[in-house]
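Structural overview for review
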Amino acid sequence: MSEKTAKIKVFRGDEKGGEYKEYDVPLFEGMVVLDAIHHIQATADNTLAVRWNCKAGKCGSCGGEINGKPRLMCMTRMDTLPLDKPITVEPMKTFPVIKDLVCDVSWNFEINKKIPPFKPKAPLADGTWRFSQEDADRVQEFRKCIECFLCQNVCHVLRNHKKEEFAGPRFLVRLASLEMHPLDVEDRLSLIKEAFHIGLCNITKCCTEVCPEHITITDNAIIPLKERVVSRFYDPIAKFWQKLFAKNDVTK
Amino acid sequence: MARLAPNTMFKSGLGTTQRKDNWWLQPVLVVFGLGSFGIYSTWAALQGNHYAFGPYLSPFYSPLFIFDWWHWSPALLILWAPLGFRATCYYYRKAYYRAFFADPPACAVGELAEHRYSGETKFPFILQNIHRFFFYLAAIFIFILSYDAYEAFWFDGHFGIGVGSLVLTANALFLGLYTFSCHSFRHLIGGKRDCFSNCSLAKAQYKTWSIVSILNQRHMLWAWISLCTVGFADVYIRLCAMGIIHDIRII
Ligand code: SF4
Ligand code: SF4
Ligand code: FES
Ligand code: FES
């Protein structure tokens, strides 16, 4: 029985540069790209570096670029890729490469530290907090994030324009989940505009296209935050209204 | 301090990518779609004639203002409002930033090397922030165009249905879906709240926000369908008015 094989073209190198190397891997039922990388490690070259952990699309470690598209290696099945040409596997290009498919995503953690944490309002008389499901729905979507940073990787503001002051889609999602939280009383709107530079996002939606958790990043997190920024900073009528009734929940 | 990778590691520049799919197809279709609508609507708006036939009024010319002191096409008095609405629409922004500005042309596809970029933080794009004011105007237009659609069923005081009546009705319907699925509307109608359960007004806002959210998921679809219906309505009425085609009366 002749074995079916695929050609894989893998980036090999570090932050100084590198080259693409081609490997043949045998195919099997249900195989994913991460399996192919493991096969290369096991049989052809055990110095090939890759970061992974769960192989179930939940730890967010194995992000890379497969045929040019930012994806999780463990969730990309080989039978969904065209096999007539070699499959390119590269690290996420927005972050510095440490070795081969592993890159240094620590810039993201620096951004994360700048976000003011959850600040709950005073508890009810019985010392607890309660809110209902309809309050939680919106925020729950954002909690699905596995921090794979594929959205940060694909965002052209970071990828092409290298705007290191821009928080990026992942952290706009986190900011949205805090800002829309029914119990949170911290006000982050000025920071969202001035420190996290939401205005740099031009809503071209690549983050939404690549998110493996299918979070509607642009429509449900970024655009609603942009609208809140408009109410606070660009809308004289809303300002007047807020002054008049002084009980607007955007300003809390 | 941790950093992003410099642009020199991998090949960059306009159109550079390892993608093997037809990523260029979508921007090409958008350029074709918006380009042809732009050319036709500019031409039609400048004509200043053939915009009405029987009880039908072209949406490019509604509401119709005729003043002695205005010597150009009456369309120019009103079209800036729907134009501004679409130009600042969150969906169209995505479409033209990608297709016309290649910023980015498609996801994970390179841009013009090293061009300056300030997103929507500087003039002119900072003006996108006034989208909600165009929404208020567009909402008024929906009522006017719905009235036009109603009028299109009355032929010399008698009720009737012509193909044009249906065209104008479909146009008002799809423009309504487009307008009321707007992201700004979704914010104003309830999305601005953090709490949806603490009082009766919040419950009502939660309902309206939920409905608008459902429409909003198809915002791009409504944008394109309504663009087609509004263009087609003008073409249809223009051709009838020029005597090139005959409006078929159903009733
Ligand atoms: S929508 Fe905004 S945040 Fe998302 S990828 Fe595009 S520019 Fe980046
Ligand atoms: S938002 Fe989606 S793409 Fe971005 S880090 Fe979270 S899971 Fe990954
Ligand atoms: S290995 Fe955990 S997400 Fe792929
Ligand atoms: S977002 Fe498209 S019309 Fe408002």
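Here goes a summary of the coordinates provided. Just so it is clear, the model here is predicted, and its values are computed rather than measured.

Rules behind the numbers
Residues numbered from 1 in each chain as written. Chains lettered and ligands numbered in written order. Predicted model: local features only at pLDDT ≥ 70, side-chain atom pairs only at ≥ 80, totals over all residues. Heavy atoms only, no water. Contact = heavy atoms within 4.5 Å. Buried area = accessible area lost by both parts, 1.4 Å probe. Salt bridge = Lys/Arg side-chain N within 4 Å of Asp/Glu carboxyl O. Helix = DSSP H or I, 4+ residues; strand = E, 2+ residues; numbered from the N terminus. Nonpolar A, V, L, I, M, F, W, Y, C, P; charged D, E, K, R; others polar. Phe/Tyr/Trp six-rings, centres within 6.5 Å; stacked < 30°, edge-to-face > 60°. Buried < 20%, exposed > 50% of the residue type's maximum accessible area, 1.4 Å probe, protein only. Lys NZ or Arg CZ within 6 Å of the ring centre and 35° of its normal. Near = heavy atom within 4 Å.

Some details on the interface of chain B and chain A
The interface is formed by 50 residues belonging to chain B together with 67 residues belonging to chain A. Together chain B and chain A conceal approximately 5,300 Å² of surface at their shared face, both sides included; 55% is due to carbon and sulfur atoms. Considering only the side of chain B, the residues that lose the most area to chain A are B:Leu4, B:Tyr117 and B:Asp194, jointly responsible for 16% of the buried surface there. Where chain B meets chain A, there are seven salt bridges. At the level of elements, helix 4 (90–99), helix 5 (131–151), helix 7 (183–191) and helix 8 (200–216) of chain B are the ones that each hand at least two residues to the side of chain B that touches chain A. Here the side of chain B that touches chain A is built from residues that sort into 20 nonpolar, 14 polar and 16 charged.

Brief notes about the packing of aromatic side chains
According to the stated counting rule, one finds 38 aromatic pairs over all chains in the structure shown. Between the aromatic rings of A:Phe149 and A:Phe171, the centroid separation amounts to 6.2 Å while the plane-to-plane angle is 40 degrees, which identifies the pairing as tilted. You can see A:Phe149 sitting in the loop between helix 3 (133–142) and helix 4 (150–154) and its partner A:Phe171 sitting in helix 6 (residues 169–179), a full 22 residues away along the chain. On the accessibility criterion, A:Phe149 (3% relative accessible area) is buried. Looking at A:Phe171, the relative accessible area reads 0%, which means it is buried. Taking 6.2 Å as the distance between ring centres and 35 degrees as the angle between the ring planes, the aromatic pair formed by B:Phe232 and B:Tyr236 counts as tilted. Here the residue B:Phe232 and the residue B:Tyr236 both occupy positions in helix 9 (residues 219–241), the gap between them amounting to four residues, near one helical turn. On the basis of relative accessibility, which here comes to 47%, the residue B:Phe232 falls in the partly exposed class. Through pairs of rings, three or more aromatic residues link up here, namely B:Phe85, B:Tyr91, B:Tyr92, B:Phe133, B:Phe135, B:Tyr136, B:Tyr178, B:Phe180, B:Phe185 and B:Trp224. Positioned over the ring face of A:Phe233 is A:Lys193, at 4.9 Å from the centre of the ring.

Section: the site of ligand 1
Residue and element names in this part refer to chain A. Near ligand 1 lie 13 residues; those nearest to it are Cys 155, Cys 201, Thr 204, Lys 205 and Cys 207. Among the secondary structure elements, those contributing two or more residues to the shell around ligand 1 are helix 5 (156–159), helix 8 (206–210) and helix 9 (217–234). Here the residues of the shell around ligand 1 sort into eight nonpolar, four polar and one charged.

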